[in-house]
Amino acid sequence: MKNTILFLALFVISGIAMAQEIRVNTYGGYIFKDKVDSYYSSSSYFNGQIQDGFRWGAGLEYHIPNRGAVEIQYLRQDTNAPTTYLDTGFQGGPRFTDFDMAINWIMLNGTRYFPVSELIEPFAGAGIGMGIFNVSNPDTRNSSSATKFSYNIRGGANFWLSTNVAFRAQASLFSATQAIGGGLYFGTGGLGAGLSSYSSLFQFGFEGGLVFRIPGN
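Procedures and definitions
Residues numbered from 1 in each chain as written. Predicted model: local features only at pLDDT ≥ 70, side-chain atom pairs only at ≥ 80, totals over all residues. Heavy atoms only, no water. Core = buried A, V, L, I, M, F, W, Y, C linked by side-chain atoms within 4.5 Å. Buried < 20%, exposed > 50% of the residue type's maximum accessible area, 1.4 Å probe, protein only. Helix = DSSP H or I, 4+ residues; strand = E, 2+ residues; numbered from the N terminus. Polar contact = N/O pair within 3.5 Å; in protein donor to acceptor, adjacent residues only side chain to side chain. Phe/Tyr/Trp six-rings, centres within 6.5 Å; stacked < 30°, edge-to-face > 60°. Contact = heavy atoms within 4.5 Å. Salt bridge = Lys/Arg side-chain N within 4 Å of Asp/Glu carboxyl O.

## Describing the nonpolar core
Then, in step 1: Counting residues in each nonpolar core, the largest one holds 17 residues, and the members touching the most others are I50, M101, I103, W105, F133 and L201.
Then, in step 2: Elements with a contribution of two residues or more to this core: strand 3 (44–50), strand 5 (68–86), strand 6 (95–113), strand 7 (120–136) and strand 9 (165–181).
Then, in step 3: No other element matches strand 6, which puts five residues into this core.

Here it is as structure tokens:
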């Protein structure tokens, strides 16, 4: 998966060098909470919630005349995940930990624009890429990380403030398949083999940012 994303990213970068129009998109916005849980058995389960918060990032976008745009995007969110969990290897019953979490998204997006005037430019798009999850247990100071296949969909509009600067508003949904699991997060206590079941992550958010158009020669 990493090699595929790297190849696509290099392809886009090589195309950007010949592009007639390049845009730099900035992002910042509110991401809602998402519940994650799995009940592998009565003695192996976890139930948690990834908290809401601020996500920020940027993207480099190459516009193909009359066809749309391709973007390389990076986003990051620092949050926490209060979780109750139990595994057969643990002693003393269920445990509760408020895990520290950093979520990084590296995405390759395709976007179709539908300009209705020189000032308003609605769009819709989707992308694939990687979700990189870093988690630490504040009780034990142990940490773990994993990289998972991810995808997103989004829609919104650019509102052009001048020839080369616009305000961007959008709604987005990001998902990482089988991202949250006992082996990754709840085995960090140093006890037990970790749960063998997983829960997918879904993050819905509203974002805004500035768009900078860099015309080609």
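Having seen the model, we can carry on.
## Concerning the side chain of E71
Then, in step 1: As for its placement among the helices and strands, E71 is situated in strand 5.
Then, in step 2: Within the local environment of E71, its side chain forms a polar contact with the side chain of R154, the two groups lying 2.7 Å apart.

## A word on the packing of aromatic side chains
Any aromatic ring pair is given by two values, namely how distant the centres are and how the planes are angled relative to each other.
Then, in step 1: Counted under the stated rule, the structure contains eight aromatic pairs.
Then, in step 2: Pairing W105 with F133 gives two aromatic rings, centres 5.9 Å apart and planes at 80°, and the pair type is edge-to-face. Here W105, found in strand 6, pairs with F133, found in strand 7; they are 28 residues apart in sequence, far enough to count as distant. Of the two residues, W105 and F133, neither departs from the other in class, the shared state being buried.
Then, in step 3: Between F204 and F206 the ring centres are 5.1 Å apart and the planes differ by 80°, which places this aromatic pair in the edge-to-face class.
Then, in step 4: A residue is classified by how much of its surface remains accessible, and F206, at 48% relative accessible area, is partly exposed.

## Focus: the environment of R76
Then, in step 1: Among the structural elements, R76 can be located in strand 5.
Then, in step 2: On the basis of relative accessibility, which here comes to 23%, the residue R76 falls in the partly exposed class.
Then, in step 3: For the pair R76 and I103, spaced 27 residues apart in sequence, the C-alpha separation works out to 5.7 Å.
Then, in step 4: Contacts of R76, omitting those with residues within four sequence positions, involve F54, R55, W56, A102, I103 and N104.
Then, in step 5: In this structure the side chain of R76 is engaged in a polar contact, spanning 3.0 Å, whose partner is the side chain of N104.

## Comments concerning the pattern of salt bridges
Then, in step 1: Evaluated as defined, the whole model comprises six salt bridges.
Then, in step 2: Between E71 and R154 there is a salt bridge, with the nearest N and O atoms lying 2.7 Å from each other. Of this pair, E71 sits in strand 5 while R154 is found in strand 8 (residues 143–160), placing the two residues 83 residues apart along the sequence. We note that E71, like R154, is buried.
Then, in step 3: One network of salt bridges, in which partners are shared, links E21, R23, E121 and R213.

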